Amino acid sequence: MENTKDLSEHSSRSKRKRRDSFGMFDGYDSCSEDTSSSSSSEESEEEVAPLPSNLPIIKNNGQVYTYPDGKSGMATCEMCGMVGVRDAFYSKTKRFCSVSCSRSYSSNSKKASILARLQGKPPTKKAKVLQKQPLVAKLAAYAQYQATLQNQAKTKAAAVSMEGFSWGNYINSNSFIAAPVTCFKHAPMGTCWGDISENVRVEVPNTDCSLPTKVFWIAGIVKLAGYNALLRYEGFENDSGLDFWCNICSSDIHPVGWCAASGKPLVPPRTIQHKYTNWKAFLVKRLTGAKTLPPDFSQKVSESMQYPFKPCMRVEVVDKRHLCRTRVAVVESVIGGRLRLVYEESEDRTDDFWCHMHSPLIHHIGWSRSIGHRFKRSDITKKQDGHFDTPPHLFAKVKEVDQSGEWFKEGMKLEAIDPLNLSTICVATIRKVLADGFLMIGIDGSEAADGSDWFCYHATSPSIFPVGFCEINMIELTPPRGYTKLPFKWFDYLRETGSIAAPVKLFNKDVPNHGFRVGMKLEAVDLMEPRLICVATVTRIIHRLLRIHFDGWEEEYDQWVDCESPDLYPVGWCQLTGYQLQPPASQSSRESQSGSSKQKKKAKSQQYKGHKKMTTLQLKEELIDGEDYNFLQGASDQESNGSANFYIKQEP
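Residues numbered from 1 in each chain as written. Predicted model: local features only at pLDDT ≥ 70, side-chain atom pairs only at ≥ 80, totals over all residues. Heavy atoms only, no water.

Asks: Quick question: what am I supposed to make of the overall build of the protein chain here?
Replies: The number of helices and strands found in the protein chain is 16 helices and 29 strands. Across the 652 residues that make up the protein chain, the buried fraction comes to 50%. Here the analysis covers contacts within the protein chain between residues at least 6 apart in sequence; of these, 66% occur between residues at least 24 apart. Element-wise, carbon and sulfur atoms account for 50% of the exposed surface of the protein chain, whose accessible area totals about 32,300 Å². (Helix = DSSP H or I, 4+ residues; strand = E, 2+ residues; numbered from the N terminus. Buried < 20%, exposed > 50% of the residue type's maximum accessible area, 1.4 Å probe, protein only. Contact = heavy atoms within 4.5 Å. Areas by Shrake-Rupley, 256 points an atom, 1.4 Å probe, with all protein chains shown as cover.)

Set out below in C-alpha cells:
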C-alpha cells in the first residue's frame, strides 16, 4: 500500500510538473516545495548581484521572488520537462529539477529522456537567482522564458523556414513553374533527361498501407518541377488527397516493371482498395500505351553523379582578396560537382573558396605563367604528402580565338558585369591583354591604384559586352564613380577620355536555345558568398543573359548570370546531392536587417578606398559567417551578347 501511495504521489507531482511546464499554472500557492531541488550550502550563501528594480516580481506566502535577469540561463529537466533557473537544478550537471526526478530518471531513463527532450535543449549560460527557492524560482524563470519568446521570434523564424522549406509546397501554393532539367547541361541528367514529363508512370513505395513490409504501387506524374515530381497513385483519378512530391532521381523511384523483375509486391493504397475487385485488369488497361522511365534510368543517374575531381588535387584559383592574381588551392571536398577549395597556405584549412568544377575561375597548375597572369607564389616549397596536380584535361575548355588580326587592345572601352557587385553592368576598360584570348578588365572610377582589383575575363566571356549593349537592351548602365555628367552617354565619354570602343565583331554573339523563361524557379549560387545556394527566380532574359533574383531578398542583390553558368541548378538539386539549400528570406529577417541595408547604400556613395563593395554581404552577415568578400563571376565557356545591334548611336 505504501508503495502504491508513493507512486500515486509521484505521479501526481509529475503530472503537475508537466502541466506547469506548458504554462498551465493554477496558482503559485498550490505549488509544494517538497519537490524542490536541494542546493549546497555553498551555493545558498553565494552572493548574487541585486537585480534591476524594474523587473516584475512574484509574491508567494509573503516572500518576494524576482524574475531572473536577462543574463540568467535556464535548464530543462530531463525527466519531467520542467524549465527553470539552471543554478537551482539538482546535481552537478544540472540535469534534473529535483531528487525525485533524478531517481525516476534512473529507473525509467529511456522513456523519460525522450519525453523531456521534446521540450527543447537547455541553454549553456550559467544562471543565478536571488533568494533561491527552487520551485518558485523555476516558475519565475519559465514565465521569463515565455516573455522572451516574442523577442526570439525573428531568429527562430529563419531557422524554422530553413528546416521546414519544401519546394513542393512552395510551388503548389504559388503556382510557380520551375526550369526544366534540360536547361542545365552541367547538372546530373542534364544531357540525358529524355522525354520525362507529365503522365509518365513510375513504381513508388505505397505509404497508404498498414502492412509491416515495404510495398509499392504505381503512380503518375501530375507536375514536374526540376528533379521533383508531384505524383498521384493510380486509381485516385481526379482525387488529389494523397498526392505527394518526390525527387525522380531518388532510389525509391523505379520504372514500371521493376517490382515484377525484383519480386516486390504491388499493393493498392488502402483508401481505394474497395474501388476494384480485379486490380490486375485495372492496371493492364491503365498502363497500355503509357510511358515510364527508361530501364537504365537509375544507372544513368548514378553515372551522371560521378565527378573526375577528387580531394587532394591541386589547382590554380582566383585569390578572393586580390582578384588580379591566382593562388594554389587544394580540393578539400566535392559535392555535386561543386568544389570546396582550401588555399594551400591555410594552416587551419578554413581559408576556402567554393566553385563548380567547370568554373572559369579555376585552372591547371602552370596556367597563370602560360598566359602571363599574376600569380601569388606559395610559401610551401614542395607539395604536401598526398597532394597532386589536377590533370589539365579536366578543366573547362575555352573557345580558341585568333589574336593575330584585329584584336582587343589596352585602353579600349567596353561594358562588363562588376564581379564585386553582380547586379550591375559597368563602364569598363581593358587594362592588359594576355595570351590565349584572356583580358584583364578594370571598372572605370573604382580601380585601386595598384590594379589589385582588375579581374580576368576571356574574350568569349558572357560577362563582357560591347559599348552600347545596355542602352540597346534597356539595361541600366552604371557610370564611373564620381562621373557627374549624367545621364551617361558613351559618345561624350569616349570623346572626353580620348578612348575608343572595343570592336563589336570581337564579341561572340551566339545565343543557345537555353529554354529559360521569365518567372521560372531554380536553385542558384549566391556568387557574392559562393558556398550558399538559394531559392531563386529568373526575372529577366536578354538573349543568353539571365537576371537571377533571390526569393525574399531585395532587387539590389540580383545577379546577372549566363544561361550556361555552372552556378545554376534545377529545383531539387540540393536534395539530390545533399547540399544545403537556403530558403527564401522571411519578412522578419529582412526587417531586422534594415539598418544594415541603409549602411550598405550609404557606403556605396562614399569614395572608393581599398576593396570595394565589401558591404554587399552586410544584409546576410548575421545569418552566415562571411569572409571579407568572395568573387565568382558565374560565367560559362562560350559567350554571346545576343544581338548584332551593338553600335553606338551617333550624336548629331
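Asks: Sorry, what's going on with the pattern of salt bridges here?
Replies: Pairing between side chains of opposite charge can happen when the charged atoms of each approach one another. For the structure shown, the criterion picks out 28 salt bridges. With a closest N to O distance of 2.8 Å, Arg 340 and Asp 352 form a salt bridge. Note that Arg 340 is positioned in strand 13 (residues 338–343) and Asp 352 in strand 14 (residues 352–356), a separation of 12 residues in sequence. With relative accessibility at 12%, the residue Asp 352 sits in the buried group. For Asp 551, the salt bridge goes to Lys 521, with nearest N and O atoms at 2.6 Å. Of this pair, Asp 551 sits in the loop between strand 26 (545–550) and strand 27 (559–562) while Lys 521 sits in strand 24 (residues 520–525), and the two are 30 residues apart along the sequence. With a relative accessible area of 5%, Asp 551 lands in the buried category. (Salt bridge = Lys/Arg side-chain N within 4 Å of Asp/Glu carboxyl O.)

Asks: Would you explain the sheet that holds strand 9 (residues 244–247) in this entry?
Replies: Whether parallel or antiparallel, the strands of a sheet pair through hydrogen bonds between backbone atoms. Taken in spatial order, the five strands make up an open sheet running 9-8-7-6-10, and their pairing is antiparallel. The two strands at the open ends of the sheet, each matched to only one other strand, are strand 9 and strand 10 (254–255). Relative to strand 8 (residues 228–233), strand 7 (residues 216–225) runs antiparallel, the two sharing six bridges. Residue pairing for strand 8: Ile 221 is matched across the bridge by Leu 231. Contacts between helix 7 (residues 167–174) and the sheet are confined to strand 7, strand 8 and strand 9, with strand 9 contributing the most and set at about 130° to the helix. (Pairing = 2+ DSSP bridges. Axes fitted to C-alpha atoms, helices over the stretch in contact; angles between N-to-C directions.)

Asks: Is there a simple way to think about helix 13 (residues 490–497) in this case?
Replies: For an α-helix, 3.6 residues make a turn, and residues three or four places apart therefore share a direction. Taken together, the buried positions of helix 13 are occupied by Trp 490, Asp 492, Tyr 493 and Leu 494. Tucked into the core, helix 13 has its buried residues touching strand 18 (413–418), strand 19 (421–433) and strand 23 (477–478).

Asks: What's the story with the pairing of strand 12 (residues 322–335) in this structure? I'm lost.
Replies: Taken residue by residue, a regular strand's side chains alternate between the two faces of the sheet. Pairing analysis gives six bridges linking strand 11 (residues 313–319) to strand 12, with the strands arranged antiparallel. By the bridge assignment for strand 12, Glu 316 is matched with Val 328. Count of turn residues in the strand 11/strand 12 antiparallel hairpin: two residues. Bridging between strand 12 and strand 13 involves six bridges; their strand directions are antiparallel. Paired with Val 331 across the bridge in strand 13 is Leu 341.

Asks: So what exactly am I meant to see when it comes to the environment of Thr 577 here?
Replies: Along the chain, the position of Thr 577 falls in helix 14 (residues 573–577). For Thr 577, a relative accessible area of 17% puts it in the buried group. For Thr 577 and Gly 337, which are 240 residues apart along the polypeptide, the C-alpha to C-alpha distance reads 9.2 Å.

Asks: I keep staring at the packing of aromatic side chains and nothing clicks. Help me out?
Replies: Each aromatic ring pair is summarised here by two numbers: the centre-to-centre distance and the angle between the ring planes. The final tally for this structure, using the stated rule, is 29 aromatic pairs. On the basis of an interplanar angle of 70° and a centroid distance of 5.5 Å, the ring pair of Tyr 483 and Phe 488 is categorised as edge-to-face. On the basis of relative accessibility, which here comes to 16%, the residue Tyr 483 falls in the buried class. A relative accessible area of 17% means that Phe 488 is categorised as buried. Put simply, the rings of Phe 165, Trp 167, Tyr 170 and Phe 176 touch in pairs and so form one group of aromatic residues. A cation over an aromatic ring shows up here: Lys 521 above the ring of Phe 176, its NZ or CZ 4.0 Å from the ring centre. (Phe/Tyr/Trp six-rings, centres within 6.5 Å; stacked < 30°, edge-to-face > 60°. Lys NZ or Arg CZ within 6 Å of the ring centre and 35° of its normal.)

Asks: Sorry, what's going on with the confidence of the model for the protein chain here?
Replies: Chain-level statistics for the protein chain give a pLDDT mean of 76 and a share of 65% at 70 or above. Note on residues 14–72: pLDDT under 50 across the span, and 101 contacts to partners over four residues away in sequence or across chains. Note on residues 145–162: pLDDT under 50 across the span, and 16 contacts to partners over four residues away in sequence or across chains. (pLDDT = per-residue confidence, 0-100.)

Asks: When you look at unusual backbone geometry in this model, what are you seeing that I'm missing?
Replies: Glycine aside, the phi torsion of most residues is negative, and most peptide linkages are trans. That bond from Leu 486 to Pro 487 is cis: its omega, 0°, falls within 30 degrees of zero. When you line up the elements, Pro 487 lands in the loop between strand 23 and helix 13. Here the phi dihedral of Glu 237 falls at roughly 50°; this positive angle occurs in a residue that is not glycine. Within the secondary structure layout, Glu 237 lies in the loop between strand 8 and strand 9. The class of Glu 237 is partly exposed, set by a relative accessible area of 38%.

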